[in-house]
Amino acid sequence: MAVKRKIIKERVPTPERPVEERIKSFVEVNLGYTFELAVKEAERCLQCPYNYAPCIKGCPVHINIPGFIGKLVEYRNDPDKAVKEALNVIWACNSLPATTGRVCPQEDQCEMNCVMGKVGDKINIGKLERFVADYAREHGIDEELLFEMVPRIEKKGQKVAIIGAGPAGLTAAGELAKLGYDVTIYEALHEAGGVLMYGIPEFRLPKSIVESEIDKLKKLGVKILTDHIVGKTVTMEELLKEYDAVFIGSGAGTPRLINAPGINLNGIYTANEFLTRVNLMKAYLFPEYDTPVKVGKRVIVIGAGNTGMDAARSARRFGAEVTIAYRRGEEDVSARVEEVEHAKEEGIKFVYFVNPVEFIGDEKGNVKAVKFEKMKALDERDSRGKRKIVGTGEYVTIEADTVIIAIGKHPNRLIINTPGLEVDRRGKIVVNENLMTSIPGVFAGGDAIRGEATVILAMGDGRKAAKAIHEYLTEKRESQNA
Amino acid sequence: MYRILDKKELAMKEVWYKIHAPHVAKKVQPGQFVIVRAFPNGERIPLTPIRWDREEGWIELVTFVRGKTTMRMANELKPGDALLNVAGPLGNPAEMKKFGKILAIGLITGIVEVFPIAKAWQEIGNDVTTLHVSPNPMVVLREDLENSVSRHIVEGFDLQPGWGMNEIAQELVKRAVAKVKELLESEHWDLVFIVGPAGGQKAVFEVVKEYGIPMEADLHPIMVDGTGMCGSCRVTVGGEVKFACIDGPGFDAYKVDWDELIHRVGFYTDMEKKAMEEYMKLFKQTPQGGEQ
Ligand SMILES: Cc1cc2nc3c(=O)[nH]c(=O)nc-3n(C[C@H](O)[C@H](O)[C@H](O)COP(=O)(O)OP(=O)(O)OC[C@H]3O[C@@H](n4cnc5c(N)ncnc54)[C@H](O)[C@@H]3O)c2cc1C
Ligand SMILES: Cc1cc2nc3c(=O)[nH]c(=O)nc-3n(C[C@H](O)[C@H](O)[C@H](O)COP(=O)(O)OP(=O)(O)OC[C@H]3O[C@@H](n4cnc5c(N)ncnc54)[C@H](O)[C@@H]3O)c2cc1C
Ligand code: SF4
Ligand code: FES
């Protein structure tokens, strides 16, 4: 498309629910584009050539971004066709666009590089991706497209076990099923989805979206065994006897705690526990739902990543006054920009350069305050480019009746104790360039090999591993037939 | 979905379930537990398989009806229905070795968890005495224990009119402490093991400590996932934070921070009470839902 385009500097905004309404409920904050608005935004895209388009280079899985955006404009008179074509382009690289469109840090990836940024607003790639996926789901277009692929599936007669139903495991399962393998997912919890289900709140990623992804997998013939904990219910050795290959997508589920006195006081939650109670167990609907959660009047969330924002914004929805305490400065906040903006709009306070040193309790063993050491930043930078911080010897105490620890997570311990499985010092599973682990036929990806990373990287690993498993099993088949 | 093959009331407030759960039956060892979810809007609660059949694929569970979930299970589930989820087996099996002479104590429903462990200990050549301290109407598994270990002692007491949970707990502790003292005074023991409410466990521990006898306790902090993912079950043992679901549930009683555990298990008491009250209200409005 070499036509010269008119430059439209401003982004087409996506409507959002007003603050007053959203801090009282868990319904989704951003309402997304309609077809008309999506086309308007799509028209702003300059359609950079595939080999040059900087957005594609910024995308961890290299979605043909101008390709899918172009379809919306090209078939603007036939919304269903436009969306189907666009989805087809996205699906070539990304199996979970409704999710990634919502949770990817686009500002650090595709959108960061967008050339439109030089003259105006960057293209809202994330919201366009989300639009395509949502419209497709709501109109049954995704299933239509999927089942145009199904009759072509040729059964391979080999079995693959997947450990963990997070984005890595779900993606690997989907890809392998499409290639004709007999796939079974082993999931420890009672619902599939991993962090998408138990961690990321409803107001950011509605659970019905995750459920629809899982439904599609089931329609592809993937079996999901919930309540099965690999390492307890079944061992790796047993899996290897029953299956021709195994993929580990067990994530980084072990919460990191702060080594400070008082950490086990009542009212101190890990973000995982707090979010699991709220999201997976729906404690915000207590007593209609049986699982309780206690959110006091004053809540301190320690940590300023996505998990910290999710915990803080969830606590806010229980009517609490919420403060995020972070040991570094604002420049180092690692959460998605949109989440930080939403948190601020919702009245969450941020306190920077404070590091918790003690949790203070009352006579009943409930937390009542957190003592922090004030920190300061040096000019020197660490390996990740963040300014180093040191203690000042000065302290500040902030009162709180609920504290949520959101300082990160380690890989799941039950998996890393698998005999023969090589892990690094931090418990991350070691893999080669094909994502194969130290155990032949066992592959791994997602947070289990990266520590805490992102949905898109987990999804990308799932696809890459599926490809590697396909090659591995093809060879196995051929050598058996020979 | 895990079919309820059979269900009956064993004693006052104690309900027995036989559940089809082949994945657990195949693997479970004495000392391990499962996490059960019984209703779409329900919680995940830990329960202990007391018997199982690896071939037939069933496990048996016993619940003490003490709050909303156990009450709902008792009221609303019948044979032929199903539990939505039975995850496991979870936790570490009890250590199976020759200790010598073992006193295994179960306070109230704690005895059902003692049963599979005590039985297995006896089978590998230990001399096991089980002690069940409980209100008389709640005495369970008496014959099973009598047939499984060297000696089974029931220290029962009658419930007095007007007693609430507090009075029962006080009486329980009083009885347990007195009986354990008597047994420790008159015989030699190599190991004491206890399952029951944290307050009772602590009181008994204080006695055992005076005699310096090794003691193990299965701890019951509040759990959510049971797989090491949430940290709800954290306890301090030997000055370190441990997750009872993957590091336990058995720990050296000498190293446990009992007061902290007692605080932690009581954290949701007010909300649990509220849940129960709301449930009872509902119940009164629809009496037909009452009897099974
Ligand atoms: C609160 C929160 C917010 C986040 N927000 C964002 C965001 O906005 N954008 C973004 O890109 N990323 C975000 N992330 C990170 C992202 O969710 C993860 O990187 C991603 O989910 C990793 O996917 P995974 O498939 O590797 O593992 P997970 O999603 O962790 O899934 C692992 C699954 O394996 C199961 N499992 C573990 N052990 C076993 C076992 N032994 N047997 C059987 N099953 C097992 C677990 O139960 C789980 O279901 C967030 C994370 C959290 C916690
Ligand atoms: C490893 C382990 C094994 C157990 N085995 C058995 C068993 O075989 N039979 C049995 O009757 N009980 C057992 N329990 C205790 C059982 O989980 C509680 O009885 C049950 O959760 C009560 O739920 P409720 O809604 O009826 O009562 P609630 O009113 O919710 O709670 C009553 C009390 O039960 C405890 N409790 C509540 N929720 C939990 C939870 N999620 N996890 C742990 N404790 C909780 C708390 O101390 C609480 O104060 C076990 C607990 C653990 C940790
Ligand atoms: S860089 Fe921006 S303008 Fe260019 S193709 Fe990508 S989204 Fe469109
Ligand atoms: S119950 Fe969640 S970590 Fe133990």
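Each remark here, short or long, concerns the structure printed above.
What counts and how
- Residues numbered from 1 in each chain as written.
- Chains lettered and ligands numbered in written order.
- Predicted model: local features only at pLDDT ≥ 70, side-chain atom pairs only at ≥ 80, totals over all residues.
- Heavy atoms only, no water.
- Helix = DSSP H or I, 4+ residues; strand = E, 2+ residues; numbered from the N terminus.
- Rg over C-alpha atoms; globule rule 2.2 N^0.38 Å.
- Contact = heavy atoms within 4.5 Å.
- Areas by Shrake-Rupley, 256 points an atom, 1.4 Å probe, with all protein chains shown as cover.
- Lys, Arg positive; Asp, Glu negative; His and termini not counted.
- Charge placed at Lys NZ, Arg CZ, Asp CG, Glu CD.
- Near = heavy atom within 4 Å.
- Nonpolar A, V, L, I, M, F, W, Y, C, P; charged D, E, K, R; others polar.
- Pairing = 2+ DSSP bridges.
- Right-handed = clockwise from strand over helix to strand, strands pointing away.

### Comments concerning the overall build of chain B
Looking only at helices and strands, chain B features 9 helices and 16 strands. For 292 residues, the compact-globule estimate of 2.2 N^0.38 gives 19 Å, and chain B sits close to it at 18 Å. For chain B, the spread of C-alpha atoms along the principal axes amounts to about 55 × 45 × 40 Å. Considering only contacts in chain B between residues 6 or more positions apart, those separated by 24 or more positions represent 67%. Entry remark: accessible area of chain B is about 12100 Å², with carbon and sulfur atoms responsible for 49%. When the 35 basic and 41 acidic side-chain charges of chain B are each reduced to a single mean position, those positions are 4 Å apart.

### Section: the site of ligand 3
Lining the immediate surroundings of ligand 3 are Cys45, Leu46, Cys48, Pro54, Cys55, Pro66, Cys114, Val115, Ile123 and Ile125 of chain A. Classifying every residue of the shell around ligand 3 by side-chain character gives 10 nonpolar, no polar and no charged.

### Quick word on unusual backbone geometry
Among all residues except glycine, the phi angle is most often negative; among peptide bonds, the trans geometry is most common. The omega torsion across Phe286 of chain A and Pro287 of chain A is 5°, close enough to zero to call that bond cis. Here Pro287 of chain A lies in the loop between helix H14 (271-280) and strand S7 (298-302). Of note in the backbone geometry, Lys13 of chain B takes a positive phi value of approximately 65° without being a glycine. Among the secondary structure elements, Lys13 of chain B is positioned in the loop between strand S1 (2-11) and strand S2 (14-20).

### Quick look at the pairing of strand S13 (residues 215-218) of chain B
All names here are of chain B. The pairing of strand S12 (residues 191-195) with S13 spans 3 bridges and is parallel. Opposite Phe193, over in S13, you have Glu216 as the bridge partner. In this region the chain leaves S12, passes through helix H6 (residues 198-211) and returns to the parallel neighbour S13; the handedness of that crossover is right-handed. Across 3 bridges, S13 lies against strand S16 (residues 250-252) in antiparallel orientation. Residue pairing across strands places Ala217 opposite Phe251, the latter belonging to S16.

### Comments concerning the environment of Cys48 of chain A
Residue and element names in this part refer to chain A. On the secondary structure map, Cys48 appears in the loop between helix H2 (35-44) and helix H3 (54-58). Note: C-alpha distance between Cys48 and Lys24 (24 residues apart in sequence) is 43 Å. Aside from chain neighbours lying at most four places away, what touches Cys48 is Ala53, Pro54, Pro66 and Val115.

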